[in-house]
Every structure is written in structure tokens, then in C-alpha cells.
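# Coordinate analysis (summary)
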Amino acid sequence: MEAKNDHAAATVFAGNLAWSTTTEMLHEFVSSANVPDLVDCEVKRHDDTKRSKGWGLIYFSKSESAVNALSLLGAKELDGRVPHLRLDRSQLELQDELINLYIGNLPWNLSEE
């Protein structure tokens with residue numbers, strides 16, 4: 001699975017998948033919408049039972065294609081359900097944002113050093 005991420009610039013999370021949805025079905029679903037730059041797809045399964053967890057990941061080589069997939073696939077049905085699609089949280093980056101961290105309850109005699 002790690003090799004898929006090595007070639008992917010962005011990942012789309014696909015939730016609300018039917019238990020019967022396979023990786024091949026997810027791949028065909030994305031391919032049928034002609035979304036460019038698709039690297040691979042996978043439906044996550046339980047290790048012990050091999051039953052679907054009801055979600056999967058869709059890997060793209062370009063971030064723009066992942067964003068494009070959200071609009072192209074947003075209302076389409078897969079295996080009797082409309083998947084909930086969003087950019088994978090691990091892919092979301094805080095770029096050009098200043099983050100302020102406030103720490104309270106410090107002793108009065110604490111210095112900046």
C-alpha cells in the first residue's frame with residue numbers, strides 16, 4: 001500500500017461504501033468519470049475477516065485532479081450508494097498560515113529563555 005502513496009500527490013477519501021464494494025468497483029467508478037491522473041484505488045478491509053470497512057482511498061498523481069474528482073463524482077452512485085468524498089485529512093497541509101499557540105497557567109517568574 002505504501003507504494004501507491006509514493007506516486008500519489010493527493011488522496012481522496014471515499015466513505016459510505018457498501019460492504020459489497022470492491023477495489024475493482026471503486027476503480028471502475030472513478031475511471032468511468034474520466035478523472036485524469038488516477039494512480040490507484042483501494043477499499044480498506046478488516047485483516048481478520050477481509051470484510052470491507054465501508055471506506056476506501058483514491059490516489060491521484062496531481063492535486064488538481066483530486067479536487068476535480070470531488071466535483072465530477074460527487075453525486076454519482078456506486079453499488080447502490082452515493083459515496084462521501086473528501087480530500088484525505090492526512091493530505092491537507094497548512095500552507096502559508098501562521099499558527100499562534102497560546103500556553104496559559106505559566107509561573108510569573110518564567111522568562112523567555
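Position numbers for residues count from 1 along each chain, tracking the sequence in the order it is written. In keeping with the predicted nature of the model, local features appear solely for residues at pLDDT of at least 70, side-chain atom pairs appear and are counted solely at 80 or more, and the whole-chain, interface and lining totals rest on all residues. Hydrogens and water molecules were not included; the side-chain quantities draw on all heavy atoms of the structure.

### Some words on the overall build of the chain
Starting at the N terminus, helices and strands are each numbered in turn, a helix being any DSSP run of H or I of at least four residues and a strand any DSSP run of E of at least two. When helices and strands are counted, the chain shows 3 helices and 4 strands. Reading the secondary structure of the chain in the N-to-C direction produces α-β-α-β-β-α-β. Put simply, the chain has 113 residues, and 30% of those count as buried. A separation of at least 24 residues holds for 65% of the contacts in the chain among residues at least 6 apart in sequence. Under the convention used here, a 1.4 Å probe and the Shrake-Rupley method define accessible areas, while residue burial counts only the protein chains that appear. Accessible surface, the chain as shown: approximately 8,000 Å² in total, 50% of it carbon and sulfur. Under the scheme applied here, a residue whose accessible area is under 20% of the maximum for its type counts as buried, over 50% as exposed, and between as partly exposed, the area being computed with a 1.4 Å probe on protein chains only. By definition, residues are in contact when any of their heavy atoms lie within 4.5 Å.

### A look at the pattern of salt bridges
Between Lys or Arg on one side and Asp or Glu on the other, a salt bridge is scored when a side-chain nitrogen of the former is within 4 Å of a carboxyl oxygen of the latter. Summed over all chains, the structure comprises 1 salt bridge. Across the pair K44 and E42 runs a salt bridge, and its minimum N-O distance is 3.5 Å.

### Here's the deal with the nonpolar core
The definition of a nonpolar core used throughout is a set of buried Ala, Val, Leu, Ile, Met, Phe, Trp, Tyr and Cys residues joined through side-chain atoms within 4.5 Å. The biggest cluster of nonpolar side chains holds 18 residues, and the ones touching the most others in it are L26, V30, V35, I58, F60 and L73. Looking at this core, the elements with two or more residues in it are strand 1 (10–15), helix 2 (23–32), strand 2 (38–45), strand 3 (52–60) and helix 3 (63–73). For I58, the residues in contact, after removing those within four places along its chain, are A10, T11, V12, A14, L26, V30, L38, D40, C41 and L85.

### Comments concerning helix 3
Among the residues of helix 3, those classed as buried are S65, A66, A69 and L73. The buried residues of helix 3 occupy one face: seen down the axis, they fall within an arc of 100 degrees. Exposed residues pointing more than 90 degrees away from the buried face of helix 3 are listed as E64 and S71. Packing partners of the buried residues in helix 3 comprise strand 1, helix 2, strand 3 and strand 4 (84–87). As used here, the arc belongs to the directions running from the helix axis to the C-beta atoms.

### Considering unusual backbone geometry
The phi dihedral of N34 falls on the positive side, at around 55 degrees, and the residue is not glycine. The residue N34 is located in the loop between helix 2 and strand 2 in this model. For K50, which is not glycine, the phi torsion reads 65 degrees and is therefore positive. Positionally, K50 belongs in the loop between strand 2 and strand 3.

### Thoughts on helix 2
Here helix 2 has its buried residues at L26, F29 and V30. All buried residues of helix 2 fall inside an arc of 90 degrees around its axis, so they share one side. Across helix 2 from its buried face, at more than 90 degrees, point the exposed residues E24 and E28. Its buried side turned inward, helix 2 meets strand 1, strand 2, strand 3 and helix 3.

### Re the pairing of strand 2
Regular strands place their side chains on alternate faces of the sheet. Pairing analysis gives 6 bridges linking strand 2 to strand 3, with the strands arranged antiparallel. Residue pairing across strands places E42 opposite L57, the latter belonging to strand 3. Any two strands with at least two DSSP bridges between them are considered paired. In this antiparallel pair of consecutive strands, strand 2 and strand 3, the connection spans 6 residues, and K50 shows a positive phi of 65 degrees.

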